[in-house]
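# Examining the three-dimensional arrangement
Take a look at the letters that make up each chain.
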Amino acid sequence: MPELAQAHGLTLRQDYFGDLTAWKGLVDLLQDTFSIDVDLQASFGGPDPTSMPFGYFDGDGRCVANFTAFSMPVIVNGRSVKAAGYQSGAVRPEWRERGLYRDLMQRAFERTAAEGYELDLLLTDKPALYERYGFRSLPQHISVARMPKLERSGSTARRLSLEAPEDLLLIKTLLQNRQPVSTRFAVIRQMEMFLLNACFNPAIRLTTLGDAAVVAWTFDGATFWLLDIAGTTIPSLATILSALDVEPDRIEICFSPDRLDCEVSLEPYEGYTMLMVRGKAADDIAGPLMLSPMAEF
Ligand SMILES: CC(C)(COP(=O)(O)OP(=O)(O)OC[C@H]1O[C@@H](n2cnc3c(N)ncnc32)[C@H](O)[C@@H]1OP(=O)(O)O)[C@@H](O)C(=O)NCCC(=O)NCCS
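Values in this document were obtained by computation on a predicted structure and should not be read as measured data.

### Considering the site of the ligand
- Residues in close proximity to the ligand total 17 residues, the closest being Glu97, Arg102, Lys126, Leu129 and Arg132.
- The backbone of Val91 places a nitrogen or oxygen atom 2.8 Å from an oxygen atom of the ligand.
- Residue Leu100 places a main-chain N or O atom 3.5 Å away from an oxygen atom belonging to the ligand.
- Surface burial for the ligand is 73%, taken as the share of its 910 Å² of free accessible area covered by protein chains.
- Residues of the shell around the ligand, tallied by class, amount to seven nonpolar, four polar and six charged.

### Examining the domain arrangement of the protein
- Each domain of the protein was delimited in the assignment, giving domain 1 (2-117) and domain 2 (142-295).
- Distance from the C-alpha centre of domain 1 to the C-alpha centre of domain 2: 28 Å.
- Taken together, the contacts link 25 residues of domain 1 with 24 residues of domain 2.
- For the side of domain 1 that touches domain 2, the secondary-structure elements that each account for two or more residues are β4 (74-76) and β5 (79-81).
- A per-class count over the side of domain 1 that touches domain 2 returns 14 nonpolar, eight polar and three charged.

Conventions adopted
Residues numbered from 1 in each chain as written. Predicted model: local features only at pLDDT ≥ 70, side-chain atom pairs only at ≥ 80, totals over all residues. Heavy atoms only, no water. Near = heavy atom within 4 Å. Polar contact = N/O pair within 3.5 Å; in protein donor to acceptor, adjacent residues only side chain to side chain. Areas by Shrake-Rupley, 256 points an atom, 1.4 Å probe, with all protein chains shown as cover. Nonpolar A, V, L, I, M, F, W, Y, C, P; charged D, E, K, R; others polar. Domains from an automatic or database assignment. Contact = heavy atoms within 4.5 Å. Helix = DSSP H or I, 4+ residues; strand = E, 2+ residues; numbered from the N terminus.

Here it is as structure tokens:
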């Protein structure tokens with residue numbers, strides 16, 4: 001592959017996010033490929049510092065292909081697992097079907113294997129592309145909760161704005177110090193995607209309960225979607241609904257709800273992308289689960 005890259009005047013770059021021009025090259029590639037602006041992260045502190053990007057750049061400095069690994073520790077059945085996520089996989093149309101993506105994937109997988117990651121995670125609408133590398137799809141489930149008995153709210157709920165510096169600081173502090181939202185399956189630490197996902201979808205509300213937890217949720221007047229909780233403690237569903245002062249017809253919890261002290265029934269989650277896993281910790285993942293939409297990458 002170095003020969004092919006050289007023949008086309010491409011340069012392989014790794015760990016290049018410190019170079020602002022190269023980072024902008026990736027921003028453009030992702031804008032052109034997925035119509036998303038990952039540079040929105042600039043106002044939150046930039047991209048995930050654990051990122052391990054691999055990219056090919058042309059003679060004009062354009063990023064023509066990229067695949068990024070990053071560290072995303074998760075909890076699986078009560079155990080902390082050193083996991084890697086893979087994102088920002090794209091090749092410009094005129095450079096496709098020449099093996100560039102295969103080359104970048106292999107480099108990223110070799111790197112994370114060498115660094116001892118025991119679980120690899122990705123989200124894709126093209127599962128066949130990754131099956132040949134040993135990834136398998138994990139079905140995800142929404143938990144539909146029975147309405148709990150509401151309590152007199154003991155904690156103050158306050159809506160947060162990512163644009164208010166003191167609110168952003170509180171959210172970041174809680175994301176740094178959070179307990180996993182589930183002991184069955186949840187991210188232990190992932191800050192940048194939570195902030196970016198909140199930014200991408202203006203319907204997402206971030207509300208703090210007594211400054212000890214930030215609840216990410218949406219409500220359309222009938223259905224309440226509980227997307228994530230980043231907190232030093234995890235409040236029960238009853239506490240959350242009481243504090244938010246909503247009485248929905250239907251409650252959908254978009255992560256494994258084992259810490260919420262509530263009764264649920266499961267429904268298959270039909271998302272646009274599939275969650276895929278591989279690695280020696282992959283077999284420990286058992287039973288219905290869902291990756292919080294705030295951790296989507
Ligand atoms: C998907 C994409 C990254 C492939 O890039 P590429 O450089 O053309 O891929 P390569 O030439 O390196 O091919 C790698 C392998 O993937 C396979 N492949 C390519 N596109 C595929 C697809 N859409 N579905 C399944 N397999 C695919 C190739 O057949 C090849 O298989 P092989 O290794 O067994 O020969 C590129 O088409 C793209 O950027 N698409 C739009 C963005 C996207 O979908 N990104 C992936 C997000 S998960």
